[in-house]
Amino acid sequence: MTTKTQAINPQNKFQCVGIINRANRIFMGMLAAVPIALSLPAEALQVQITPTAPKLGDTLSVIIDVDSQENIINPTVKVGEETYPAFPISPNKYRAFIPTTPLEKPEVRKVTVAADRQERNLAVKVSDRKFPVQRITLPPGKAGVQATEYELQQVKEFKALQTPEKFWNGVFLRPNKGRMTTTYGVRRYYNGKFANDYYHRGLDYAGAAGSAVVAPAPGQVALVGRVSQGFRVHGNVVGIDHGQGVTSIFMHLSRINVKEGDIVKAGQLIGGVGSTGASTGPHLHWGLYVNGKSIDPTSWQTKVVD
């Protein structure tokens, strides 16, 4: 039996090698064209916290980018035992607010963000801030005024609102044209006695009695209270829900021009300056609250928080 061996044509051999080399070059070119697909995956959960150098009284804004189309549950933000909700502000982007107050310690805050089955841990240093001390003498009939249970409950429920919809847009306006007499965070002595665990929760404007009080930003009127209903300390009061945990309260009014449920625009008349409740004279007290805590409204008047 004779076995025939077919000889390999040298030319065919070189052609095969050439084909293999060209295939390798094409494959390597494909790798160069799609490096992202073959590199390590990017961090899907991106978190940014501003301001970068906060002080007591500031509002921390936590922006969360979630790289997922299937995320159904909104992200959560936790600091210690407190959990703050995050609300959508654009596709796959959420925002949560962390309030800070003068009664807290200046320290590093550990912030935990959970979203889309991922978790990020960040550290933010909140610096100290000096707040002035003021001595207030309340006249007879005003000193020692105690809030009613009804008043306290109504105000508590209002400040706890966390409406998912965002009503405000742009910077917050001055609610009254009068000069500012008391800034945020002031510690006080009332009739010679220091008020422990107290700080001035807002800004006071010394507008003339009856002068216009306007909404600093769009929102929905969620609280209307009157002295006749038992609002002994707040006096005639209006509360506006700006949405996503942000609320405004306006105290000591002489009149009220809105009702609960009204949708108001920035600059819209809501009442007049007065001296009802625990007040030493005609003025407007405006308090801005974030997730139930009183924060400094000043930065909201100078910087857009969108």
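Please read these numbers as outputs of a predicted model, since none were measured by experiment.

Asks: Would you mind going over the packing of aromatic side chains with me for this structure?
Replies: Note on aromatic pairs: each is described by the distance of the centres and the angle between the planes. Taken as a whole and judged by the stated rule, the model has nine aromatic pairs. Ring geometry for tryptophan 168 versus tryptophan 300: centroids 5.8 Å apart, planes at 65°, classification edge-to-face. Here tryptophan 168 is found in the loop between helix 3 (149-159) and strand 10 (180-182), whereas its partner tryptophan 300 is found in helix 4 (residues 298-302), with 132 residues between them in sequence. Exposure class is identical for tryptophan 168 and tryptophan 300. Each is buried. Centre to centre, the rings of phenylalanine 172 and tryptophan 300 are 5.4 Å apart; their planes meet at 80°, and the pair counts as edge-to-face. Of this pair, phenylalanine 172 sits in the loop between helix 3 and strand 10 while tryptophan 300 sits in helix 4, and the two are 128 residues apart along the sequence.

Asks: Can you help me understand unusual backbone geometry in this one?
Replies: Negative phi is the rule for most residues except glycine; trans is the rule for most peptide bonds. That bond from threonine 50 to proline 51 is cis: its omega, 0°, falls within 30 degrees of zero. One can find proline 51 in the loop between strand 1 (45-50) and strand 2 (59-66). Within the chain, asparagine 92 stands out as a residue other than glycine whose phi angle is a positive 60°. Tracing the backbone through its elements, the reader meets asparagine 92 in the loop between strand 5 (87-90) and strand 6 (93-99). Overall, the relative accessible area of 27% leaves asparagine 92 in the partly exposed class. One non-glycine residue, histidine 252, lies in the positive phi region at around 65°. Considering the arrangement of structural elements, one finds histidine 252 in strand 17 (residues 246-253). Owing to a relative accessible area of 4%, histidine 252 belongs among the buried residues under this scheme.

Cut-off values and rules
- Residues numbered from 1 in each chain as written.
- Predicted model: local features only at pLDDT ≥ 70, side-chain atom pairs only at ≥ 80, totals over all residues.
- Heavy atoms only, no water.
- Phe/Tyr/Trp six-rings, centres within 6.5 Å; stacked < 30°, edge-to-face > 60°.
- Helix = DSSP H or I, 4+ residues; strand = E, 2+ residues; numbered from the N terminus.
- Buried < 20%, exposed > 50% of the residue type's maximum accessible area, 1.4 Å probe, protein only.

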